[in-house]
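Architecture at a glance
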Amino acid sequence: MLRALLTAAAAVAALLAPATAHAGEDGPGTPPPTGPGTPPLTTPGIPPLTDAQGRVLTLRGWNIEDKTHRGEQALSAITERHLRDLRAQGFDFARLLVFWDDLEPRPGRYSERYLRRIERVLDWAERQDVRVVLDAHQDVFGPAFGHRGIPEWATRTDGLPFTPHPDDWFAEYFEPAVQRAFTHLYEDADLRRAQTRMWHTLATRFAGHPAVLGYDLINEPMGEPRPGEDLPAAARRVEREQLTPMYNRLAGAVRPADRDAWLFVEPTPVVGEGVPTGLGRVRDPRVVYAPHFYDTAMEAGADYDPGAGWIEAYERAVTAYPRRYRVPVVVGEWGPPDSSLPHMNRFYRDAMASLGRYASGWAGYVWCYGGGYCALDGTGAFRVNKELTVEPYAETVAGTVRSAAYDAGAGGYRLVYRAAPHGSRVSVLSVPPGAWRITAEGGTVVRRGAGRAWVRAAPGELVTVTVRRG
């Protein structure tokens, strides 16, 4: 059922994209003009992610998870090795999955053990110099339907039916009981308060942790179609009328505890089929648009089709919202389950090029050791084609980025930036394992080591950094 619905969504999106890309509450979405004093741009109209010092950030990393263990064993499958190996390959970012059902197993009773387990992972990340986003993860709502996420005590179905789909678990999102549970989460006043308290608890606990960059407020939110609605129309309505108010409520819960963290907001997964989101403005100064990047056919085991235009359609749709509301983009999940198929080498090259055009970062799915979606095999080596996610990039730039690109064919990276007139004078580049030659015209490479290079430049200087194999 899921594949049929999303295939229909893709066809509808092709017809609707030009008409809906700029629709919404604030009028036309033409990108605002740029000039002196405007923030540096990754893609025209899309601002970059920045740190507390105003340096431009690029996040490259992976999701880290333990969906198997819960209760006293929660997060026990994650070790410091995950963060150490991640950093050793040049990645500076982890999206850590946390589960409300573990945090609050009974209403109003928060697990101190679980909070300490999260803190332990964050301590490892700090030691390895990896930035972390805490992701309030749900799969098919939560334990009431055999998955993880929203507690069973917060699940209301009105007695509607639920049939498991063991061979296509994502199709379970379209079961009536699951859809009704989302409606109650969005609409019931007591569940709204419970979700708000949950996020206030997390933000209060981790606001001061050096590894925490931000909070992903809910993973892959879904909803309930109304009679006669097709999937794209239902998704846009849910995003506009239910997700947007929810994100504004949750922002209000986080901000009293943490003024500095970025808030990551997701559309429904339907955007993966090139359907522009219906999300409205989230009224907070530090919002990141965090869509996921999955193709339905590849999720079902098909090979990448370079001629299908999926990546191009996705890029057109997914850039409309951040252009309109001037928020950065970080793709929270991406990557096919089978990276060994004949066209997957082309897929990874096309995907990396696309992400580099508009996103301040991404987190692949998933950093683990084994089969399926895992980035690594049991020995810790990259599984076939996943090594193509390793490239040189600028982790932090103390200035305004003019251009940044990696040429996979030539094996070279080039960054051009105007050094900031004040503040930090040092930019940091991630350099993958192997032999690389680094030059900095207009600046000086002041240090190299531990897979990174530090470049210093005088205020206002135009700097061109190149990183080449050899």
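See the structure above.
Because the structure is a prediction, the values reported are computed rather than measured.

What counts, and where the lines are drawn
- Residues numbered from 1 in each chain as written.
- Predicted model: local features only at pLDDT ≥ 70, side-chain atom pairs only at ≥ 80, totals over all residues.
- Heavy atoms only, no water.
- Phe/Tyr/Trp six-rings, centres within 6.5 Å; stacked < 30°, edge-to-face > 60°.
- Helix = DSSP H or I, 4+ residues; strand = E, 2+ residues; numbered from the N terminus.
- Buried < 20%, exposed > 50% of the residue type's maximum accessible area, 1.4 Å probe, protein only.
- Lys NZ or Arg CZ within 6 Å of the ring centre and 35° of its normal.
- Salt bridge = Lys/Arg side-chain N within 4 Å of Asp/Glu carboxyl O.
- Axes fitted to C-alpha atoms, helices over the stretch in contact; angles between N-to-C directions.
- Parallel < 35°, antiparallel > 145°, perpendicular 65-115°, else oblique.
- Left-handed = near helix turned anticlockwise from the far one by under 90°.
- Contact = heavy atoms within 4.5 Å.
- Nonpolar A, V, L, I, M, F, W, Y, C, P; charged D, E, K, R; others polar.
- Disulfide = S-S within 2.5 Å.
- Pairing = 2+ DSSP bridges.

To continue, consider the packing of aromatic side chains. Any two aromatic rings considered together are summarised by their centre-to-centre distance and by the angle between their planes. Across all of its chains, the model carries 29 aromatic pairs by this definition. For the ring pair Trp-334 and Phe-347, a centre distance of 6.1 Å and an interplane angle of 55° mean the geometry is tilted. Pair noted here: Trp-334 is in strand E11 (residues 333-334) and Phe-347 is in helix H11 (residues 344-358), with a separation of 13 residues, a long-range link. Phe-347 matches Trp-334 in its accessibility class, with the two residues each being buried. An aromatic cluster is built from Trp-62, Phe-91, Phe-293, Tyr-304, Trp-310, Tyr-314, Trp-334, Phe-347, Tyr-348, Trp-362, Trp-367 and Phe-382, whose rings are joined through pairwise contacts. The cationic tip of Arg-60 hangs over the ring face of Tyr-393; the distance from NZ or CZ to the ring centre is 5.1 Å.

This next bit is on the pattern of salt bridges. Inspection of the entire model under this criterion finds 28 salt bridges. Taking the shortest distance from any N to any O, the salt bridge between Glu-224 and Arg-180 comes out at 3.0 Å. Note that Glu-224 is positioned in the loop between strand E6 (212-216) and helix H7 (231-254) and Arg-180 in helix H5 (residues 176-187), a separation of 44 residues in sequence. Taking the shortest distance from any N to any O, the salt bridge between Glu-315 and Arg-357 comes out at 2.9 Å. Linking Glu-315 in helix H9 (residues 310-318) with Arg-357 in helix H11, this pair joins segments that are 42 residues apart in sequence. Connected through salt bridges with shared partners, the residues Arg-95, Asp-135, Asp-216, Glu-266 and Glu-333 form a single ionic network.

Turning to the packing of helix H6 (residues 189-206) against H7, a few remarks are in order. It is at 8 Å that the axes of H6 and H7 come closest, and there the two elements cross at 40°. In this view, H6 runs oblique relative to H7, as classed from their interaxial angle. Crossing geometry of H6 relative to H7 is assigned as right-handed. Contacts from Arg-192, Gln-195, Thr-196, Trp-199, His-200 and Ala-203 of H6 reach H7 at Met-246, Arg-249, Leu-250, Ala-253 and Val-254. A class-by-class count of the residues in the contact of H6 with H7 yields 6 nonpolar, 3 polar and 2 charged.

What follows concerns unusual backbone geometry. With an omega of 10°, the peptide bond running from Tyr-365 to Val-366 counts as cis. Within the secondary structure, Val-366 sits in the loop between strand E12 (361-364) and strand E13 (393-397). One non-glycine residue with positive phi stands out, namely Glu-220, at about 40°.

Linking two cysteines covalently through their sulfur atoms gives a disulfide. Enumeration according to the criterion identifies 1 disulfide in this entry. The side chain of Cys-368 participates in a disulfide bridge whose partner is Cys-374; the two sulfur atoms lie 1.9 Å from each other. Taking the torsion about the S-S bond as the criterion, the Cys-368 to Cys-374 disulfide, at about -110°, is left-handed. Both residues of the pair, Cys-368 and Cys-374, belong to the buried class.

Spatially, E1-E2-E13-E16-E19-E18 is the arrangement adopted by the 6 strands of the open sheet, whose pairing is antiparallel. Looking at the sheet topology across the chains shown, the edges are occupied by strand E1 (49-50) and strand E18 (444-449). Here 2 bridges tie strand E2 (residues 56-57) to E13, and the two strands are oriented antiparallel to one another. If you follow Val-56 over to E13, its bridge partner there is Val-397.

What follows covers the sheet that holds strand E7 (residues 262-265). Read across the open sheet, the 8 strands follow the order E8-E7-E6-E5-E4-E3-E12-E10; overall the sheet is parallel. The outermost strands of the open sheet, each flanked by one partner alone, are strand E8 (287-289) and strand E10 (330-331). Helix-sheet contacts for H6 involve strand E4 (93-98), strand E5 (131-136) and E6, and the interaxial angle to E6 is about 175°.

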